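One letter stands for each residue in the lines below.
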Amino acid sequence: MKKLTLLLCFVSFLTKAQNITVASGKSFTIEKTGAVTMSGNFSNAGTFTLNSDSNEFSSIIIGGSVSGNITYNRYVNSVGTNEWDLIGAPVEGQSINSFVTANASTLASNGDAYAIGYYDNYWNEWENYTTSSNWYPFNGNFLLGMGFQMATISGGTLKFTGAPAATNKTLPIIDFSVGQGEGGGEGGTKWNLVANPFPSYIHGNTSADSSNNFLTINSEKLHDSYQAIYGYDADGIGSGYTVYNNTSAALRIAPGQAFMVASDNPNVENPDVLSFTTAMRTTQGGDDFIAGNPVTYFELVLKLYEGATEIEDTKFYFKNGLSLGLDPGYDAGHYNQSAALLSRLVAGDQEVGLAINAMEIESINDVVIPLEINREAGETFR
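Criteria and thresholds
Residues numbered from 1 in each chain as written. Predicted model: local features only at pLDDT ≥ 70, side-chain atom pairs only at ≥ 80, totals over all residues. Heavy atoms only, no water. Core = buried A, V, L, I, M, F, W, Y, C linked by side-chain atoms within 4.5 Å. Buried < 20%, exposed > 50% of the residue type's maximum accessible area, 1.4 Å probe, protein only. Contact = heavy atoms within 4.5 Å. Pairing = 2+ DSSP bridges. Helix = DSSP H or I, 4+ residues; strand = E, 2+ residues; numbered from the N terminus. pLDDT = per-residue confidence, 0-100. Phe/Tyr/Trp six-rings, centres within 6.5 Å; stacked < 30°, edge-to-face > 60°. Lys NZ or Arg CZ within 6 Å of the ring centre and 35° of its normal.

## A few points about the nonpolar core
(1) Moving on: One finds Phe-48, Ile-60, Phe-142, Met-150, Phe-160 and Phe-214 to be the most contacted residues of the largest nonpolar core, which totals 56 residues.
(2) Moving on: Discounting chain neighbours no more than four positions away, the residues touching Phe-160 are Ile-70, Thr-71, Tyr-72, Arg-74, Ile-87, Ala-89, Pro-90, Val-91, Gln-94, Phe-99, Phe-142 and Met-150.

Below, the structure written as structure tokens:
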């Protein structure tokens, strides 16, 4: 197919094309279960819309040049305790003021404060947008590849309008832990909130794609003991973050999905720079951080309870080719180093409490793994 000139179109399945042109006054909609992959150029003088819901996200992959905008209606979780969502703009050039205006009936707010916030790891603080905000780092627009916390009034879609990314994107990350080189603010952290910048899924780990995936491409940029994707799960258990790395089944990160990663580089003038490459893009995927095809391994999940309430869990992963020491991309430190339940490496302890402790399959028969339990004296747990 050489070219599609679109008058009125609704796509609810996978479509392939060379070029797509939407004429002025016309519209094209990709429904939540649909996807479009094109090898050529994208041109929109009309209306081009992508839809989603809580567990289905449409995609577009553009191989050539881009002219014109798209609107991505991105589902965002509701406001409330243990709710909210981590979201990044799936388009480029979206004004924050215009975004607030366009979504006024859906976006949660409290007075002049809106449920949009960025994470400042220099001070380990969240700062929410207000009508009088001066969000200096962003020059009035969402920064592509950067994550934000967001929430809707009762769960619904927020409208992002801008240019769809069709080239490689980058984002610097910095370790602002207290005492690190150029240092950080009081309680600064190594955690950086980043986001999938494409209006399509991207491969997250080696089970999704052996080479063109986020963890492999960025392995040298992430902290060795935390070489993982930390996805906010809104379940109220433990740290609130689920850890995904190469021990996970096929991980494909949804359009507009944000997540935490850890840096060990404190050099502000020469930070590590994450890469989001076009080769990572895929139209395959499901819910936010839903894993797909299984791999050959054994896994043990140890859970800590107080009464009938689960407080925390820690995972032990066994697969051929791993060691009792640190295996970056497989072992993963816990997001919260004071969590109720952690484990430590069997060999070569890095002084890091682990959420995932990975080792050789044969170790399942004969290994003693150190555990760390952090509970107040006198508290009963099991």
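## Topic: the sheet that holds strand E18 (residues 201-203)
(1) Moving on: Pairing is antiparallel in the open sheet, where three strands are placed in the order E21-E18-E24. Strands with a single pairing partner mark the edges of an open sheet, and in this sheet they are strand E21 (252-253) and strand E24 (281-282).
(2) Moving on: Strand direction decides the pairing type here: E18 and E24, joined by two bridges, are antiparallel. Residue pairing for E24: Tyr-201 is matched across the bridge by Thr-282.

## Some points on the pairing of strand E9 (residues 70-76)
(1) Moving on: Judged by how many residues are buried, E9 sits mostly within the fold: seven of seven residues are covered.
(2) Moving on: Of the two faces of E9, the one carrying Ile-70, Tyr-72, Arg-74 and Val-76 and the one carrying Thr-71, Asn-73 and Tyr-75 are both buried.
(3) Moving on: Note that strand E6 (residues 47-50) and E9 share two bridges and pair parallel. Looking at E9, one finds that Leu-50 is bridged to Tyr-72.
(4) Moving on: Bridge count for E9 against strand E15 (residues 156-162) is seven bridges, and the pairing is antiparallel. Bridged to Asn-73 within E15 is Lys-159.

## Remarks on the side chain of Ser-59
(1) Moving on: Looking at the secondary structure, you find Ser-59 in strand E7 (residues 59-62).
(2) Moving on: Take Ser-59: its relative accessible area is 0%, and that puts it in the buried class.
(3) Moving on: Non-local contacts of Ser-59, meaning those with residues more than four positions away in its chain, are made with Ile-30, Gly-34, Ala-35, Val-36, Leu-50, Pro-199, Ser-200, Tyr-201, Pro-255, Thr-282 and Thr-283.

## Quick notes on the environment of Phe-142
(1) Moving on: As for its position among the elements, Phe-142 is in the loop between strand E13 (125-130) and strand E14 (148-150).
(2) Moving on: Once residues lying within four places of it in the same chain are set aside, the contact partners of Phe-142 are Ala-89, Gln-94, Ile-96, Phe-99, Ile-116, Phe-148, Met-150 and Phe-160.

## Here's the deal with the pairing of E6
(1) Moving on: Of the strand pairs in this sheet, strand E3 (residues 20-30) and E6 are connected by four bridges, and their pairing is parallel. Bridge pairing links Phe-28 to Phe-48 in E6.

## Looking at the confidence of the model for the protein
(1) Moving on: Residues with a pLDDT of 70 or more make up 90% of the protein, whose mean pLDDT is 90.
(2) Moving on: With pLDDT under 50 throughout, residues 1-7 is counted as low confidence; its partners more than four residues away or in other chains account for 20 contacts.

## Focus: the packing of aromatic side chains
(1) Moving on: Across all of its chains, the model carries 19 aromatic pairs by this definition.
(2) Moving on: An angle of 70° between the planes, with centres 4.7 Å apart, marks the rings of Trp-191 and Tyr-230 as edge-to-face. Placement of Trp-191 in strand E17 (residues 191-195) and of Tyr-230 in strand E19 (residues 229-232) is noted, with a sequence separation of 39 residues between them.
(3) Moving on: Owing to a relative accessible area of 4%, Trp-191 belongs among the buried residues under this scheme.
(4) Moving on: Given the relative accessible area of 0%, Tyr-230 is considered buried.
(5) Moving on: With 5.5 Å between their ring centres and 35° between their planes, Phe-214 and Phe-276 make a pair best called tilted. Of this pair, Phe-214 sits in helix H2 (residues 214-217) while Phe-276 sits in strand E23 (residues 272-276); the two residues are 62 residues apart in sequence, bridging distant segments of the chain. An identical accessibility class is assigned to Phe-214 and Phe-276; each is buried.
(6) Moving on: Linked through ring pairs, Trp-191, Tyr-226, Tyr-230, Tyr-232, Tyr-241 and Tyr-335 together constitute an aromatic cluster.
(7) Moving on: Its end group placed over the ring of Phe-198, Arg-281 keeps NZ or CZ at 5.6 Å from the ring centre.
(8) Moving on: Positioned above the aromatic ring of Tyr-305, the side-chain terminus of Arg-382 is 4.6 Å from the ring centre.

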